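Per-entry structural report
This is what each chain is made of:
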Amino acid sequence: MAISPKARPYLLVAALVLVVAGVLVAELPGAPGPQPQDVPAASGTPPVVDAEGGDGAGDPYYPQDGNTGYDVGGYDVAVSYDPATRKLDGKALITATATADLSRFNLDLYKLEASEVAVGDERAAFSQEGEHELVVTPAKPLRKDEQFTVSVTYGGEPTMFEDRALGRSGWQISASGGAFAAGEPHSATTWFPANDTPRDKASFKLSARVPDGWSVVSNGVEEGSTQADGWTTFRWNAEQPMATYLATVAIDKWTVDRSTLPDGTPVVNAYAPGALGARADQQRLPEILAFLSAKYGPYPFRSAGGIFLADNIGFSLETQTRPIYAGWADLETVVHENAHQWFGDSVSLRSWADICLNECFASYAQWQWAEAKEGVNLDDRYRSEVERTDDSGGYWNRKLYDMGRGNEFRGVYDKGQLAVHALRRQIGDESFDKVLQTWTARNRDGNASWPEFEAHVEQVSGQDLDGFFAAWFRGDELPSDQYLWPGPLRR
(Lines give C-alpha, C1' and ligand atoms only; values in the text may rest on other atoms or scores of the structure.)
Protein backbone atom coordinates (compact mmCIF):
# COMPACT_ATOMS: atom_id res chain seq x y z
CA MET A 1 0.00 0.00 0.00
CA ALA A 2 1.07 3.56 -0.62
CA ILE A 3 -0.30 6.44 1.43
CA SER A 4 -1.47 9.78 0.08
CA PRO A 5 1.30 12.38 0.37
CA LYS A 6 -0.99 14.43 2.62
CA ALA A 7 -1.48 11.47 4.92
CA ARG A 8 2.08 10.11 4.96
CA PRO A 9 3.19 11.69 8.25
CA TYR A 10 0.87 9.36 10.09
CA LEU A 11 0.09 6.75 7.44
CA LEU A 12 -3.34 5.57 8.29
CA VAL A 13 -4.89 2.98 6.01
CA ALA A 14 -3.37 0.19 3.94
CA ALA A 15 -4.34 -2.18 1.16
CA LEU A 16 -7.36 -1.73 -1.02
CA VAL A 17 -9.66 -4.45 -1.65
CA LEU A 18 -11.74 -3.00 -4.38
CA VAL A 19 -15.00 -4.60 -4.28
CA VAL A 20 -18.21 -4.61 -6.01
CA ALA A 21 -20.28 -7.12 -7.70
CA GLY A 22 -22.51 -8.57 -10.29
CA VAL A 23 -24.26 -11.86 -11.20
CA LEU A 24 -27.81 -11.83 -9.97
CA VAL A 25 -28.13 -15.03 -8.04
CA ALA A 26 -31.29 -17.06 -8.37
CA GLU A 27 -33.35 -16.59 -5.26
CA LEU A 28 -33.30 -19.54 -2.91
CA PRO A 29 -35.55 -20.34 0.04
CA GLY A 30 -34.43 -18.34 3.04
CA ALA A 31 -35.34 -20.69 5.87
CA PRO A 32 -32.40 -22.22 7.75
CA GLY A 33 -31.77 -25.88 7.11
CA PRO A 34 -32.52 -28.63 9.59
CA GLN A 35 -30.54 -28.88 12.78
CA PRO A 36 -27.71 -31.42 12.64
CA GLN A 37 -28.46 -34.89 13.99
CA ASP A 38 -26.17 -37.47 15.49
CA VAL A 39 -24.86 -39.79 12.81
CA PRO A 40 -23.85 -43.28 13.89
CA ALA A 41 -20.31 -44.20 12.95
CA ALA A 42 -19.80 -46.94 10.40
CA SER A 43 -18.59 -50.24 11.77
CA GLY A 44 -14.91 -50.00 12.62
CA THR A 45 -14.86 -46.21 12.07
CA PRO A 46 -14.14 -44.01 15.07
CA PRO A 47 -16.88 -41.49 15.89
CA VAL A 48 -16.41 -37.85 14.98
CA VAL A 49 -15.30 -35.76 17.92
CA ASP A 50 -17.76 -32.97 18.71
CA ALA A 51 -15.32 -30.16 17.93
CA GLU A 52 -16.02 -26.57 16.92
CA GLY A 53 -13.83 -24.41 14.73
CA GLY A 54 -12.43 -21.32 16.40
CA ASP A 55 -13.99 -17.91 15.72
CA GLY A 56 -10.62 -16.22 15.22
CA ALA A 57 -7.34 -17.17 13.53
CA GLY A 58 -5.27 -15.84 16.40
CA ASP A 59 -3.52 -12.79 14.99
CA PRO A 60 -2.18 -10.89 18.04
CA TYR A 61 -3.61 -7.57 16.79
CA TYR A 62 -6.87 -8.82 15.25
CA PRO A 63 -7.67 -12.06 17.08
CA GLN A 64 -11.24 -12.28 15.76
CA ASP A 65 -10.26 -12.01 12.09
CA GLY A 66 -10.42 -15.34 10.30
CA ASN A 67 -11.25 -18.72 11.81
CA THR A 68 -9.67 -22.09 12.55
CA GLY A 69 -10.70 -25.68 11.84
CA TYR A 70 -10.38 -25.64 8.06
CA ASP A 71 -8.20 -24.47 5.19
CA VAL A 72 -9.76 -22.79 2.15
CA GLY A 73 -8.58 -23.94 -1.27
CA GLY A 74 -10.68 -21.63 -3.41
CA TYR A 75 -13.49 -19.08 -3.58
CA ASP A 76 -15.96 -18.98 -6.46
CA VAL A 77 -18.05 -15.84 -5.93
CA ALA A 78 -21.02 -14.68 -7.98
CA VAL A 79 -22.48 -11.25 -7.26
CA SER A 80 -25.06 -8.92 -8.74
CA TYR A 81 -24.85 -5.20 -7.98
CA ASP A 82 -27.03 -2.31 -9.10
CA PRO A 83 -25.39 1.11 -8.55
CA ALA A 84 -28.84 2.74 -8.60
CA THR A 85 -30.05 0.86 -5.53
CA ARG A 86 -26.64 0.01 -3.99
CA LYS A 87 -27.99 -3.48 -3.39
CA LEU A 88 -25.76 -6.53 -3.70
CA ASP A 89 -26.91 -10.14 -4.04
CA GLY A 90 -24.37 -12.90 -3.94
CA LYS A 91 -23.61 -16.56 -3.75
CA ALA A 92 -20.21 -17.85 -2.70
CA LEU A 93 -19.01 -21.42 -3.17
CA ILE A 94 -16.04 -22.13 -0.91
CA THR A 95 -13.91 -25.25 -1.28
CA ALA A 96 -12.01 -26.23 1.86
CA THR A 97 -10.37 -29.03 3.83
CA ALA A 98 -11.13 -29.67 7.49
CA THR A 99 -8.02 -29.47 9.66
CA ALA A 100 -9.88 -30.99 12.61
CA ASP A 101 -13.08 -32.93 13.26
CA LEU A 102 -15.81 -30.29 13.06
CA SER A 103 -19.37 -30.21 14.26
CA ARG A 104 -19.56 -26.53 13.30
CA PHE A 105 -17.33 -23.78 11.93
CA ASN A 106 -17.33 -20.06 11.27
CA LEU A 107 -17.00 -17.78 8.26
CA ASP A 108 -16.63 -13.99 8.30
CA LEU A 109 -19.35 -11.88 6.65
CA TYR A 110 -19.68 -8.22 7.61
CA LYS A 111 -23.18 -6.71 7.90
CA LEU A 112 -24.67 -8.67 4.99
CA GLU A 113 -27.48 -11.14 5.60
CA ALA A 114 -27.13 -14.82 4.75
CA SER A 115 -30.34 -16.44 3.54
CA GLU A 116 -29.21 -20.01 2.92
CA VAL A 117 -26.13 -22.14 3.63
CA ALA A 118 -25.30 -25.62 2.40
CA VAL A 119 -22.38 -27.91 3.13
CA GLY A 120 -21.93 -30.25 0.23
CA ASP A 121 -25.39 -31.18 -1.08
CA GLU A 122 -27.15 -30.72 2.25
CA ARG A 123 -28.57 -27.55 3.70
CA ALA A 124 -26.91 -26.52 6.93
CA ALA A 125 -28.13 -24.71 9.99
CA PHE A 126 -26.55 -21.29 10.48
CA SER A 127 -26.68 -18.17 12.60
CA GLN A 128 -25.08 -14.74 12.43
CA GLU A 129 -23.44 -13.47 15.58
CA GLY A 130 -22.01 -10.01 16.23
CA GLU A 131 -21.03 -7.94 13.22
CA HIS A 132 -19.21 -10.56 11.16
CA GLU A 133 -19.48 -14.14 12.44
CA LEU A 134 -21.44 -16.58 10.28
CA VAL A 135 -21.70 -19.81 12.29
CA VAL A 136 -22.36 -22.91 10.17
CA THR A 137 -23.55 -26.26 11.52
CA PRO A 138 -23.42 -28.94 8.81
CA ALA A 139 -26.05 -31.66 8.76
CA LYS A 140 -23.25 -34.19 9.24
CA PRO A 141 -20.04 -33.45 11.17
CA LEU A 142 -16.88 -33.13 9.12
CA ARG A 143 -13.87 -35.35 9.67
CA LYS A 144 -10.31 -34.09 9.82
CA ASP A 145 -8.74 -34.01 6.32
CA GLU A 146 -12.17 -34.20 4.67
CA GLN A 147 -12.57 -31.96 1.65
CA PHE A 148 -15.90 -30.15 1.53
CA THR A 149 -17.74 -27.26 -0.08
CA VAL A 150 -19.89 -24.67 1.61
CA SER A 151 -22.21 -22.40 -0.35
CA VAL A 152 -23.63 -19.19 1.10
CA THR A 153 -26.46 -17.17 -0.45
CA TYR A 154 -26.45 -13.63 0.94
CA GLY A 155 -27.30 -10.00 0.19
CA GLY A 156 -27.84 -6.49 1.44
CA GLU A 157 -26.27 -3.07 1.10
CA PRO A 158 -22.51 -3.38 1.58
CA THR A 159 -20.83 -0.97 3.95
CA MET A 160 -17.36 -0.30 5.30
CA PHE A 161 -15.32 -0.78 8.44
CA GLU A 162 -14.61 2.31 10.52
CA ASP A 163 -11.41 2.09 12.56
CA ARG A 164 -10.21 4.99 14.71
CA ALA A 165 -6.57 4.13 14.08
CA LEU A 166 -6.63 2.81 10.50
CA GLY A 167 -9.49 4.77 8.96
CA ARG A 168 -12.06 3.45 6.49
CA SER A 169 -11.86 0.15 4.68
CA GLY A 170 -14.25 -2.05 2.79
CA TRP A 171 -17.06 -1.22 0.39
CA GLN A 172 -17.08 2.38 -0.85
CA ILE A 173 -19.14 4.35 -3.34
CA SER A 174 -17.05 6.08 -6.02
CA ALA A 175 -17.57 9.63 -7.26
CA SER A 176 -19.04 8.28 -10.50
CA GLY A 177 -21.72 6.36 -8.62
CA GLY A 178 -19.96 3.03 -9.05
CA ALA A 179 -18.42 1.16 -6.17
CA PHE A 180 -15.27 -0.50 -4.92
CA ALA A 181 -14.04 -2.06 -1.70
CA ALA A 182 -10.65 -1.27 -0.29
CA GLY A 183 -8.81 -1.66 2.94
CA GLU A 184 -6.30 -3.34 5.14
CA PRO A 185 -6.25 -5.43 7.28
CA HIS A 186 -9.82 -6.48 6.47
CA SER A 187 -12.33 -5.51 3.80
CA ALA A 188 -13.15 -8.61 1.73
CA THR A 189 -15.95 -9.64 4.04
CA THR A 190 -17.92 -6.50 3.24
CA TRP A 191 -18.86 -8.23 -0.02
CA PHE A 192 -18.33 -12.01 0.29
CA PRO A 193 -18.04 -14.58 3.10
CA ALA A 194 -14.46 -15.67 3.75
CA ASN A 195 -11.92 -16.98 6.16
CA ASP A 196 -10.59 -13.47 6.55
CA THR A 197 -6.97 -14.00 7.53
CA PRO A 198 -3.83 -13.66 5.39
CA ARG A 199 -2.76 -17.05 6.77
CA ASP A 200 -5.39 -18.83 4.67
CA LYS A 201 -4.58 -17.93 1.06
CA ALA A 202 -6.76 -19.37 -1.70
CA SER A 203 -7.60 -19.06 -5.39
CA PHE A 204 -10.38 -16.66 -6.32
CA LYS A 205 -12.94 -16.61 -9.13
CA LEU A 206 -15.49 -13.86 -9.63
CA SER A 207 -18.60 -13.59 -11.78
CA ALA A 208 -20.02 -10.09 -11.41
CA ARG A 209 -23.30 -8.89 -12.95
CA VAL A 210 -24.05 -5.18 -13.39
CA PRO A 211 -26.49 -3.11 -15.50
CA ASP A 212 -25.40 -2.50 -19.08
CA GLY A 213 -23.12 0.53 -19.32
CA TRP A 214 -21.21 -0.41 -16.19
CA SER A 215 -18.26 -2.80 -16.13
CA VAL A 216 -16.32 -4.78 -13.56
CA VAL A 217 -12.59 -5.22 -13.03
CA SER A 218 -11.08 -7.70 -10.59
CA ASN A 219 -8.01 -9.86 -9.94
CA GLY A 220 -6.38 -12.33 -12.28
CA VAL A 221 -7.13 -13.25 -15.85
CA GLU A 222 -10.08 -11.76 -17.70
CA GLU A 223 -12.43 -14.52 -18.89
CA GLY A 224 -14.90 -12.54 -20.97
CA SER A 225 -18.40 -11.17 -20.51
CA THR A 226 -21.97 -11.92 -21.59
CA GLN A 227 -25.09 -9.77 -21.91
CA ALA A 228 -28.72 -10.60 -21.23
CA ASP A 229 -31.85 -8.64 -20.30
CA GLY A 230 -30.09 -5.33 -19.77
CA TRP A 231 -27.32 -6.76 -17.61
CA THR A 232 -23.70 -7.70 -18.33
CA THR A 233 -21.76 -10.39 -16.46
CA PHE A 234 -17.97 -10.12 -16.20
CA ARG A 235 -15.73 -13.07 -15.24
CA TRP A 236 -12.27 -13.04 -13.65
CA ASN A 237 -10.04 -15.86 -12.45
CA ALA A 238 -7.06 -15.60 -10.09
CA GLU A 239 -5.69 -19.14 -9.84
CA GLN A 240 -2.71 -18.48 -7.59
CA PRO A 241 -3.16 -18.28 -3.80
CA MET A 242 -4.27 -14.89 -2.55
CA ALA A 243 -4.91 -13.37 0.87
CA THR A 244 -8.52 -12.26 1.22
CA TYR A 245 -7.73 -8.57 1.75
CA LEU A 246 -6.04 -8.56 -1.67
CA ALA A 247 -9.20 -9.63 -3.50
CA THR A 248 -10.80 -6.76 -5.36
CA VAL A 249 -13.77 -5.87 -7.49
CA ALA A 250 -14.35 -2.41 -8.93
CA ILE A 251 -17.50 -1.25 -10.72
CA ASP A 252 -17.39 1.83 -12.91
CA LYS A 253 -17.68 3.04 -16.52
CA TRP A 254 -14.10 2.02 -17.18
CA THR A 255 -11.87 2.81 -20.11
CA VAL A 256 -9.94 -0.43 -20.51
CA ASP A 257 -6.55 -0.86 -22.20
CA ARG A 258 -5.37 -4.40 -22.95
CA SER A 259 -1.85 -5.48 -23.89
CA THR A 260 0.75 -8.12 -23.01
CA LEU A 261 4.16 -8.17 -21.40
CA PRO A 262 7.06 -9.36 -23.58
CA ASP A 263 6.58 -12.91 -22.27
CA GLY A 264 2.88 -12.90 -23.21
CA THR A 265 1.46 -12.18 -19.73
CA PRO A 266 -1.88 -10.37 -20.24
CA VAL A 267 -2.13 -6.80 -18.97
CA VAL A 268 -5.47 -5.11 -18.21
CA ASN A 269 -5.48 -1.45 -17.18
CA ALA A 270 -8.78 0.21 -16.24
CA TYR A 271 -9.31 3.97 -15.87
CA ALA A 272 -12.35 5.53 -14.23
CA PRO A 273 -13.91 8.65 -15.81
CA GLY A 274 -11.50 11.47 -15.01
CA ALA A 275 -8.50 9.16 -14.44
CA LEU A 276 -7.07 8.93 -17.96
CA GLY A 277 -4.19 11.20 -16.95
CA ALA A 278 -2.66 8.18 -15.19
CA ARG A 279 -2.09 6.44 -18.53
CA ALA A 280 1.36 7.94 -19.08
CA ASP A 281 2.76 6.44 -15.89
CA GLN A 282 0.98 3.10 -16.27
CA GLN A 283 2.29 2.68 -19.81
CA ARG A 284 5.69 2.17 -18.18
CA LEU A 285 4.42 -0.95 -16.39
CA PRO A 286 6.41 -3.38 -18.60
CA GLU A 287 9.57 -1.42 -17.80
CA ILE A 288 8.72 -1.36 -14.09
CA LEU A 289 8.03 -5.09 -13.90
CA ALA A 290 11.22 -5.88 -15.83
CA PHE A 291 13.19 -3.74 -13.38
CA LEU A 292 11.59 -5.34 -10.31
CA SER A 293 12.03 -8.84 -11.76
CA ALA A 294 15.76 -8.19 -12.09
CA LYS A 295 15.85 -7.26 -8.41
CA TYR A 296 13.47 -9.80 -6.87
CA GLY A 297 13.15 -12.71 -9.28
CA PRO A 298 10.57 -13.54 -11.97
CA TYR A 299 7.20 -11.78 -11.83
CA PRO A 300 5.14 -14.15 -9.66
CA PHE A 301 1.72 -13.99 -11.35
CA ARG A 302 -0.01 -14.84 -14.63
CA SER A 303 -1.60 -11.44 -15.20
CA ALA A 304 -0.84 -7.79 -14.48
CA GLY A 305 -2.32 -4.31 -14.76
CA GLY A 306 -3.91 -1.61 -12.68
CA ILE A 307 -7.22 -0.04 -11.62
CA PHE A 308 -7.18 3.77 -11.54
CA LEU A 309 -9.83 5.63 -9.57
CA ALA A 310 -10.71 9.28 -9.91
CA ASP A 311 -11.37 9.33 -6.15
CA ASN A 312 -8.75 10.89 -3.89
CA ILE A 313 -8.96 8.26 -1.18
CA GLY A 314 -6.13 8.19 1.35
CA PHE A 315 -4.20 5.23 -0.06
CA SER A 316 -3.45 3.04 -3.04
CA LEU A 317 -3.43 -0.73 -2.59
CA GLU A 318 -1.55 -3.74 -3.94
CA THR A 319 -4.62 -5.79 -4.83
CA GLN A 320 -3.08 -8.92 -6.30
CA THR A 321 -2.13 -8.77 -10.01
CA ARG A 322 -4.00 -5.48 -10.44
CA PRO A 323 -3.29 -2.74 -7.89
CA ILE A 324 -5.92 -0.10 -7.27
CA TYR A 325 -4.76 3.50 -7.35
CA ALA A 326 -6.13 6.67 -5.80
CA GLY A 327 -6.52 9.77 -7.94
CA TRP A 328 -3.27 11.25 -6.60
CA ALA A 329 -1.10 8.22 -7.51
CA ASP A 330 2.11 8.93 -9.42
CA LEU A 331 4.90 6.89 -10.99
CA GLU A 332 6.50 6.17 -7.60
CA THR A 333 3.18 4.78 -6.42
CA VAL A 334 3.02 2.44 -9.42
CA VAL A 335 6.53 1.19 -8.59
CA HIS A 336 5.56 0.75 -4.93
CA GLU A 337 2.36 -1.21 -5.54
CA ASN A 338 3.98 -3.49 -8.10
CA ALA A 339 6.89 -4.22 -5.76
CA HIS A 340 4.18 -5.52 -3.43
CA GLN A 341 3.38 -8.24 -5.94
CA TRP A 342 6.54 -9.89 -4.57
CA PHE A 343 6.53 -8.42 -1.04
CA GLY A 344 3.06 -8.83 0.44
CA ASP A 345 1.17 -10.65 -2.31
CA SER A 346 3.26 -13.62 -3.44
CA VAL A 347 5.02 -13.70 -0.07
CA SER A 348 2.35 -12.72 2.45
CA LEU A 349 2.80 -11.82 6.09
CA ARG A 350 1.89 -14.33 8.77
CA SER A 351 0.74 -11.75 11.33
CA TRP A 352 0.10 -8.04 11.04
CA ALA A 353 3.08 -7.39 13.28
CA ASP A 354 5.14 -8.48 10.23
CA ILE A 355 3.89 -5.61 8.03
CA CYS A 356 7.42 -4.33 7.40
CA LEU A 357 7.91 -7.37 5.16
CA ASN A 358 5.34 -5.73 2.89
CA GLU A 359 5.79 -2.01 3.26
CA CYS A 360 9.47 -1.48 4.10
CA PHE A 361 10.56 -3.31 0.95
CA ALA A 362 7.91 -1.85 -1.37
CA SER A 363 8.93 1.60 -0.11
CA TYR A 364 12.60 0.83 -0.66
CA ALA A 365 11.77 -0.23 -4.22
CA GLN A 366 11.01 3.44 -4.86
CA TRP A 367 14.57 4.26 -3.79
CA GLN A 368 15.98 1.50 -6.00
CA TRP A 369 14.01 2.85 -8.96
CA ALA A 370 15.31 6.39 -8.32
CA GLU A 371 18.85 5.04 -8.09
CA ALA A 372 18.63 3.09 -11.36
CA LYS A 373 16.44 5.38 -13.46
CA GLU A 374 17.19 8.85 -12.14
CA GLY A 375 20.80 8.52 -11.00
CA VAL A 376 20.02 9.31 -7.36
CA ASN A 377 22.87 8.64 -4.93
CA LEU A 378 21.10 6.68 -2.20
CA ASP A 379 23.89 7.15 0.34
CA ASP A 380 23.48 10.91 -0.01
CA ARG A 381 19.71 10.58 0.23
CA TYR A 382 20.09 8.43 3.36
CA ARG A 383 22.42 10.93 5.04
CA SER A 384 20.10 13.79 4.19
CA GLU A 385 17.08 11.97 5.61
CA VAL A 386 18.90 11.11 8.83
CA GLU A 387 20.24 14.63 9.26
CA ARG A 388 16.82 16.23 8.92
CA THR A 389 15.50 14.15 11.81
CA ASP A 390 16.36 14.53 15.46
CA ASP A 391 16.51 12.14 18.40
CA SER A 392 13.63 13.70 20.34
CA GLY A 393 11.43 10.70 19.61
CA GLY A 394 8.98 12.04 17.06
CA TYR A 395 10.62 10.16 14.20
CA TRP A 396 12.60 7.36 15.77
CA ASN A 397 10.08 6.08 18.32
CA ARG A 398 8.13 4.11 15.67
CA LYS A 399 8.95 0.41 15.73
CA LEU A 400 9.10 -1.42 12.41
CA TYR A 401 8.37 -4.86 13.83
CA ASP A 402 5.67 -5.64 16.40
CA MET A 403 4.66 -2.00 16.57
CA GLY A 404 1.25 -2.61 18.16
CA ARG A 405 -2.29 -2.58 16.82
CA GLY A 406 -3.15 0.63 15.03
CA ASN A 407 0.51 1.57 14.55
CA GLU A 408 1.21 -0.73 11.61
CA PHE A 409 1.65 2.05 9.06
CA ARG A 410 3.31 4.80 11.11
CA GLY A 411 6.97 4.11 10.34
CA VAL A 412 7.22 1.64 7.51
CA TYR A 413 7.14 4.14 4.64
CA ASP A 414 9.97 6.48 5.65
CA LYS A 415 11.93 5.02 8.56
CA GLY A 416 11.48 1.68 6.78
CA GLN A 417 13.36 2.97 3.73
CA LEU A 418 16.28 4.08 5.90
CA ALA A 419 16.35 0.76 7.72
CA VAL A 420 16.45 -1.29 4.53
CA HIS A 421 19.20 0.88 3.05
CA ALA A 422 21.20 0.51 6.26
CA LEU A 423 20.74 -3.26 6.00
CA ARG A 424 21.98 -3.19 2.41
CA ARG A 425 25.09 -1.30 3.45
CA GLN A 426 25.59 -3.56 6.47
CA ILE A 427 25.69 -6.82 4.45
CA GLY A 428 26.81 -5.49 1.05
CA ASP A 429 25.10 -5.40 -2.34
CA GLU A 430 25.89 -9.00 -3.31
CA SER A 431 24.37 -10.45 -0.14
CA PHE A 432 21.48 -7.98 -0.20
CA ASP A 433 20.48 -8.97 -3.74
CA LYS A 434 20.80 -12.65 -2.87
CA VAL A 435 18.70 -12.18 0.28
CA LEU A 436 15.79 -10.67 -1.66
CA GLN A 437 15.81 -13.12 -4.55
CA THR A 438 16.12 -16.25 -2.43
CA TRP A 439 13.49 -14.95 0.02
CA THR A 440 10.86 -14.42 -2.67
CA ALA A 441 11.69 -17.76 -4.32
CA ARG A 442 11.63 -19.77 -1.08
CA ASN A 443 8.33 -18.32 0.15
CA ARG A 444 6.47 -17.88 -3.15
CA ASP A 445 2.68 -18.27 -2.79
CA GLY A 446 3.09 -18.68 0.97
CA ASN A 447 3.37 -16.80 4.26
CA ALA A 448 6.36 -15.72 6.31
CA SER A 449 7.21 -13.77 9.44
CA TRP A 450 9.71 -11.06 10.28
CA PRO A 451 11.75 -13.31 12.64
CA GLU A 452 12.07 -15.78 9.75
CA PHE A 453 13.38 -12.97 7.56
CA GLU A 454 15.98 -12.01 10.15
CA ALA A 455 17.21 -15.60 10.29
CA HIS A 456 17.28 -15.74 6.48
CA VAL A 457 19.43 -12.60 6.23
CA GLU A 458 21.89 -13.94 8.79
CA GLN A 459 22.12 -17.26 6.96
CA VAL A 460 22.74 -15.66 3.56
CA SER A 461 25.13 -12.96 4.76
CA GLY A 462 26.98 -15.05 7.32
CA GLN A 463 26.72 -12.17 9.82
CA ASP A 464 25.36 -12.00 13.35
CA LEU A 465 22.81 -9.22 12.98
CA ASP A 466 20.94 -9.42 16.29
CA GLY A 467 22.18 -5.99 17.35
CA PHE A 468 21.42 -4.45 13.99
CA PHE A 469 17.85 -5.76 13.86
CA ALA A 470 17.26 -4.78 17.49
CA ALA A 471 18.40 -1.23 16.77
CA TRP A 472 16.58 -0.66 13.49
CA PHE A 473 13.49 -2.85 13.38
CA ARG A 474 12.67 -3.85 16.94
CA GLY A 475 13.82 -0.64 18.62
CA ASP A 476 12.06 2.68 19.12
CA GLU A 477 14.95 5.11 19.40
CA LEU A 478 17.75 6.50 17.25
CA PRO A 479 20.17 3.64 16.43
CA SER A 480 23.68 3.99 17.79
CA ASP A 481 26.37 5.11 15.34
CA GLN A 482 27.51 1.50 14.91
CA TYR A 483 24.20 0.68 13.22
CA LEU A 484 23.23 4.13 11.94
CA TRP A 485 26.34 4.45 9.77
CA PRO A 486 27.28 0.95 8.58
CA GLY A 487 29.85 0.22 5.85
CA PRO A 488 30.32 3.02 3.29
CA LEU A 489 27.80 5.23 5.09
CA ARG A 490 30.42 5.83 7.80
CA ARG A 491 32.56 8.91 7.18
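The model shown is predicted, which means the values in this text are computed figures rather than measured ones. (Residues numbered from 1 in each chain as written. Predicted model: local features only at pLDDT ≥ 70, side-chain atom pairs only at ≥ 80, totals over all residues. Heavy atoms only, no water.)

Membership of the largest hydrophobic core comes to 146 residues, with the highest contact counts inside it found for Y154, W191, F192, Y382 and W472. Looking at this core element by element, the count peaks at 9 residues for helix α4 (residues 356–374). (Core = buried A, V, L, I, M, F, W, Y, C linked by side-chain atoms within 4.5 Å. Buried < 20%, exposed > 50% of the residue type's maximum accessible area, 1.4 Å probe, protein only. Helix = DSSP H or I, 4+ residues; strand = E, 2+ residues; numbered from the N terminus.)

Let us look at the state of the cysteines. Tallied over the entire structure, the rule returns 1 disulfide. Here C356 engages in a disulfide with C360; their sulfurs sit 2.0 Å apart. Classification of the bridge connecting C356 and C360 rests on its S-S torsion, roughly -115°, and on that basis the disulfide is left-handed. Linking C356 with C360, this pair stays in helix α4, spanning 4 residues, or about one helical turn. Assigned by exposure class, C356 and C360 land together as buried. (Disulfide = S-S within 2.5 Å.)

Within the open sheet, the 5 strands sit side by side as β10-β11-β12-β17-β14. Their pairing is antiparallel. The open sheet has two free edges, formed respectively by β10 (160–163) and β14 (215–218), since each of these has just one partner strand. Within this sheet the neighbouring strands show an average axis-to-axis angle of 25°, counted without direction. Where β14 lies against strand β17 (residues 249–252), 4 bridges are found, and the strand directions are antiparallel. Within β17, the position partnered with S215 by the bridge is D252. (Pairing = 2+ DSSP bridges. Axes fitted to C-alpha atoms, helices over the stretch in contact; angles between N-to-C directions.)

Moving on, we come to the packing of aromatic side chains. Using the criterion set out here, one finds 31 aromatic pairs in the structure. Seen from their ring centres, F192 and F204 are 5.4 Å apart, and the 40° between their planes marks the pair as tilted. Taken together, the residues F192 in the loop between β12 (179–182) and β13 (202–211) and F204 in strand β13 connect sequence positions 12 residues apart. In this structure F192 comes out as buried when scored by relative accessible area, which is 1%. With a relative accessible area of 2%, F204 lands in the buried category. Taken together, a centroid distance of 5.0 Å and an interplanar angle of 70° make the contact between Y395 and W396 edge-to-face. W396 carries the same exposure label as Y395, and that label is buried. Against the face of W214 rests K253, its NZ or CZ located 4.8 Å from the ring centre. Note that R398 overlies the ring of Y395, its terminal NZ or CZ placed 4.5 Å from the centroid. (Phe/Tyr/Trp six-rings, centres within 6.5 Å; stacked < 30°, edge-to-face > 60°. Lys NZ or Arg CZ within 6 Å of the ring centre and 35° of its normal.)

Turning to the sheet that holds strand β19 (residues 266–271), a few remarks are in order. One open sheet holds the 4 strands; their spatial order is β18-β19-β20-β22, and the pairing between them is mixed. Each having just a single partner strand, β18 (255–260) and β22 (324–325) make up the two edges of the open sheet. As paired elements, β19 and strand β20 (residues 304–308) share 5 bridges and run parallel to each other. Bridging from a neighbouring strand, N269 pairs with G306 of β20.

In this model, helix α2 (residues 285–296) (12 residues) spans 16 Å end to end at C-alpha, consistent with the 16 Å of a helix rising 1.5 Å per residue. For α2, the set of buried residues is L285, I288, L289, F291, L292 and Y296. For α2, the angular spread of the buried residues around the axis is 160°, confining them to a single face. Buried positions along α2 lie against β19, α1 (279–282), β20, α3 (331–339), α4 and α7 (429–442). Looking one or two places after α2, you find G297, whose phi comes out positive at around 105°. (Expected span 1.5 Å × (residues − 1). Arc of directions from axis to C-beta. Contact = heavy atoms within 4.5 Å.)

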